[in-house]
Amino acid sequence: MNKYRNDFPLFKAIDEKNSIDNSGLIYMDSAATAQRPYIVLNAMDHFYSTQNANPLRGLYSLSERATKAYEDARDTVAKFINAKSSNEIIFVRNASEALNLVAYTYGMANVNAGDEVVVSIMEHHSNILPWQFVCKTKGATLKFMYVDKSTGAIPESEYSKITPKTKIVSVTHVSNVLGTQNPIKKIAEIAHKNGAVMVVDGAQSTPHIKVDVQDLGADFLAMSGHKLCGPMGIGALYGRYELLDAMPPFLRGGEMIEYVTEDSATWAEVPHKFEAGTVSAGDAVGMAAAIRYIQNVGLENIEKHDNNLAEKLVEGIKKIPHFHIIGEQDGRKRCGIVTFTIDDVHPHDIATLLSDENIAIRAGHHCAQPLQKYLGIPASARASLYLYNTEEEVDILLSKLPQIRKWSGFKD
Ligand code: C6P
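Every value quoted in this text rests on a predicted model; they were computed, and no experiment measured them.

Looking at this model, I keep getting lost on the domain arrangement of the protein chain. Mind explaining?
Interfaces are often sized by the amount of accessible area the parts lose when they come together. For the protein chain, the domain assignment lists domain 1 (2–30 + 298–407) and domain 2 (41–295). Using only C-alpha atoms to locate each centre, domain 1 and domain 2 end up separated by 28 Å. With 32 residues of domain 1 in contact, the opposing surface of domain 2 contributes 34 residues. Carbon and sulfur atoms make up 62% of the surface buried where domain 1 meets domain 2, a total of about 2800 Å² over both sides. Looking only at domain 1, the three residues that lose the most surface to domain 2 are Leu299, Cys335 and Tyr374, adding up to 25% of its buried area. At the junction of domain 1 and domain 2, the tally comes to 0 salt bridges. Counting across the domain 1 and domain 2 interface gives 19 residue pairs in polar contact (both at pLDDT 80 or more). A total of 5 residues in the side of domain 1 that touches domain 2 trace back to one element, the largest contributor, which is helix α11 (residues 369–375).

Right under this line is the structure:
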């Protein structure tokens, strides 16, 4: 896999003043945002250099080309997650916006007083706060499925929180902290048996494993472009067509209407009903190029590579005294997300000390404060691996980690 590293300009970047040299950088924060290959930057450059016009409006050929590039990108996303039709893909800014869209439209229209929404304790804030808002506004109850603290998995007994009162079940496919891969298919079956819809947060799964929305039984799925080597500011919401068609719009404005009078409006067909204003076509083109890049590398190869590296790192960390792996204990099942704590050392100090060694990891609450509170840890450190990381980099990290307590003034 190491050959793919050369596809990413950031690892070669030297600025004009020669003051920045990323060539030795060990970047292990891809769960926060991945790096972008040339192919993505070139696709966006090509769009703005040769096809730039406002899509979906103009009746001249340049605008038609822009529209085609944008709609082709939608088609690429649809095929990537095996949606039945590209009309089931709505471009949004990121996974957070996708989840908010479902909450503000489907949630506000279908959740009523006395109803329940079920999430898990491992959710990112983006999959908790929109549901808190819906439940508080509508007089409904937000219920949490808790995890086994030693394995990071949701015990099956917790599924009984999904009942006929449940209108929405919203669970992450892969946890950005625990690395847990949730059995979405099973949870979706339970949700559907109880008459609820299944919302899946695919932010951390779509970059690493094959995601098939039909096989999973997902009614909605949120994803971000920037986590799968695409640009920032673009993501997608998958929604089952029948549900999207029945939902009210999210934002109101240009190009999402059929007809407007002084005091009323009717809406454009799905998906355009949900895409008010000038769309982010250049970013959509970049996201599609990223998906094609990932497909060329092969998701199975990426999965294998990430699992191998994560296993090596997890097993190495387990051998270091005072270190604790948080969540899933099998590195091969963590989608490259390796989260740990060190006794008596704050995770912020871990990240700062490693930064001095040219290693970038993330530390903090990872936008999952309810989870950290439930686990009884104020914060954690997280190294997240992707296709451009190498075994050598994992070895370097593993050689630095045992020194962190010493650097922090501890004798062992
Ligand atoms: N997690 C992390 O470092 P956005 O920011 O909207 O593209 O993605 C939000 C989001 C939603 N769900 C999960 C499971 C996520 O991990 C994230 C983003 C980043 O873990 C930034 S906090």
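Looking at this model, I keep getting lost on the packing of helix α3 (residues 95–110) against helix α4 (residues 129–138). Mind explaining?
For any two helices packed against each other, the geometry is given by the interaxial angle and the distance between the axes. One way to put it is that α3 packs onto α4 with a least axis distance of 9 Å and a crossing angle of 20°. When the axes of α3 and α4 are compared, the pair comes out roughly parallel. When the axes of α3 and α4 are compared, the crossing they make is right-handed. Residues Leu99, Asn100, Val102, Ala103, Tyr104, Gly107 and Met108 of α3 touch α4, and the partners they reach there are Pro130, Trp131, Phe133, Val134, Thr137 and Lys138. Looking at the contact of α3 with α4 residue by residue, the classes come out as 9 nonpolar, 3 polar and 1 charged.

Whenever I open this one, the sheet that holds strand β6 (residues 197–201) confuses me. Can you help?
Two modes of strand pairing occur in sheets, parallel and antiparallel, and in both the strands are linked by backbone hydrogen bonds. One open sheet accounts for 7 strands, arranged β2-β8-β7-β6-β5-β3-β4; its pairing is mixed. Edge positions in the sheet fall to β2 (89–92) and β4 (141–145), since each of these pairs with one other strand and no more. In this sheet, neighbouring strand axes are inclined to one another by 20° on average, regardless of whether the strands run parallel or antiparallel. Relative to strand β7 (residues 220–224), β6 runs parallel, the two sharing 3 bridges. Directly across from Val199, in β7, lies its bridge partner Phe220. Packing against the sheet, α4 makes contact with β3 (116–120), β4, β5 (166–172) and β6, and its axis sits at approximately 145° to β4. Contacts from helix α5 (residues 184–193) reach β5 and β6 within the one sheet, and its direction differs from that of β6 by about 155°.

When you look at the site of the ligand in this model, what are you seeing that I'm missing?
Close to the ligand lie 18 residues, the nearest being Ser96, Asp201, Ser224, His226 and Arg362. Within the side chain of Asp201, one N or O atom sits 2.5 Å away from a nitrogen atom of the ligand. Lys227 is positioned with one of its side-chain polar atoms (N or O) 3.1 Å from a nitrogen atom of the ligand. Computed on the free molecule, the ligand has an accessible area of 500 Å², of which 90% lies beneath the protein chains in the complex.

I keep staring at unusual backbone geometry and nothing clicks. Help me out?
Both trends apply: most residues other than glycine have a negative phi, and most peptide bonds are in trans. In the segment running from Val270 into Pro271, the intervening peptide bond is cis, with an omega of 10°. Locating Pro271 in the fold gives a position in the loop between β10 (265–267) and α8 (281–297). Of note in the backbone geometry, Cys335 takes a positive phi value of approximately 50° without being a glycine. Tracing the backbone shows Cys335 in the loop between β11 (323–325) and β12 (337–342). With a phi angle near 55°, Cys367 is a residue other than glycine that sits in the positive phi range. Locating Cys367 in the fold gives a position in the loop between β14 (362–364) and α11. A relative accessible area of 23% places Cys367 in the partly exposed class.

Where do I start with the state of the cysteines in this structure?
Simply put, the disulfide is a covalent bond whose two ends are the sulfur atoms of two cysteines. In this structure the tally under the stated criterion is 0 disulfides. There is no disulfide at Cys335, and the cysteine sulfur nearest it, in Cys229, is 14 Å away. When its relative accessible area of 1% is taken as the criterion, Cys335 is described as buried. Between Cys367, a cysteine without a disulfide, and Cys335, which holds the nearest cysteine sulfur, the sulfur-to-sulfur distance is 19 Å.

Please explain the pattern of salt bridges as it appears in this structure.
In a structure, side chains of opposite charge can pair up when their charged atoms sit close to one another. All told, the structure shown has 21 salt bridges when counted by the stated rule. The salt bridge involving Asp75 is made with Lys79; its shortest N-O contact spans 2.6 Å. Highlighted residues: Asp75 and Lys79, both in helix α2 (residues 61–80), separated by 4 residues, approximately one helical turn. Residue Lys79 is classed as exposed on the basis of its relative accessible area, which comes to 57%. Close ionic contact of Glu116 with Lys143 constitutes a salt bridge, the shortest N to O distance being 3.1 Å. Separated by 27 residues along the polypeptide, Glu116 in strand β3 and Lys143 in strand β4 bring together distant segments of the chain. We classify Glu116 as buried; its relative accessible area is 8%. Since its relative accessible area comes to 23%, Lys143 is described here as partly exposed.

Analysis parameters
Note on numbering: residues in each chain are counted from 1, in written sequence order. Owing to the predicted nature of the model, reporting of local features is limited to residues with pLDDT of at least 70; listing and counting of side-chain atom pairs is limited to 80 or more, with chain, interface and lining totals taken over all residues. Derived side-chain values reflect all non-hydrogen atoms in the structure, with water molecules and hydrogen atoms excluded from consideration. Note that the domain bounds were set by an automatic or database domain assignment. Any two residues having at least one pair of non-hydrogen atoms within 4.5 Å are treated as being in contact. What counts as buried area is the accessible surface, traced by a 1.4 Å probe, that two parts surrender upon association, with contributions from both included. Basic side-chain nitrogens of Lys or Arg form a salt bridge, by our definition, when they fall within 4 Å of a carboxyl oxygen of Asp or Glu. Two N or O atoms count as a polar contact when they lie within 3.5 Å, although within protein this holds only if one can serve as hydrogen donor and the other as acceptor, and sequence-adjacent residues are included solely when both atoms are side-chain atoms. Counting from the N terminus, the helices are DSSP H or I runs at least four residues long and the strands are E runs at least two residues long. Lines are fitted to the C-alpha atoms to define the axes, a helix being fitted only along its stretch in contact, and any angle between axes, read from their N-to-C directions, falls within 0 to 180 degrees. Orientation is classified from the angle alone, with under 35 degrees giving roughly parallel, over 145 giving roughly antiparallel, 65 to 115 giving roughly perpendicular, and any other angle giving oblique. Throughout, a crossing is termed right-handed when the near helix is turned clockwise from the far one, and left-handed when it is turned anticlockwise from it by less than a right angle. Basically, the charged four are Asp, Glu, Lys and Arg, the nonpolar ten are Ala, Val, Leu, Ile, Met, Phe, Trp, Tyr, Cys and Pro, and anything else, Gly included, counts as polar. One bridge is not enough; two strands pair if DSSP finds at least two bridges between them. Proximity is defined per residue: if any heavy atom of the residue lies within 4 Å of a molecule or strand, that residue is considered near it. Under the convention used here, a 1.4 Å probe and the Shrake-Rupley method define accessible areas, while residue burial counts only the protein chains that appear. Burial classes follow relative accessibility: with a 1.4 Å probe on protein chains only, a residue under 20% of its type's maximum area counts as buried, one over 50% as exposed, and anything between as partly exposed. In this description, a disulfide is simply a cysteine sulfur pair whose atoms lie within 2.5 Å.

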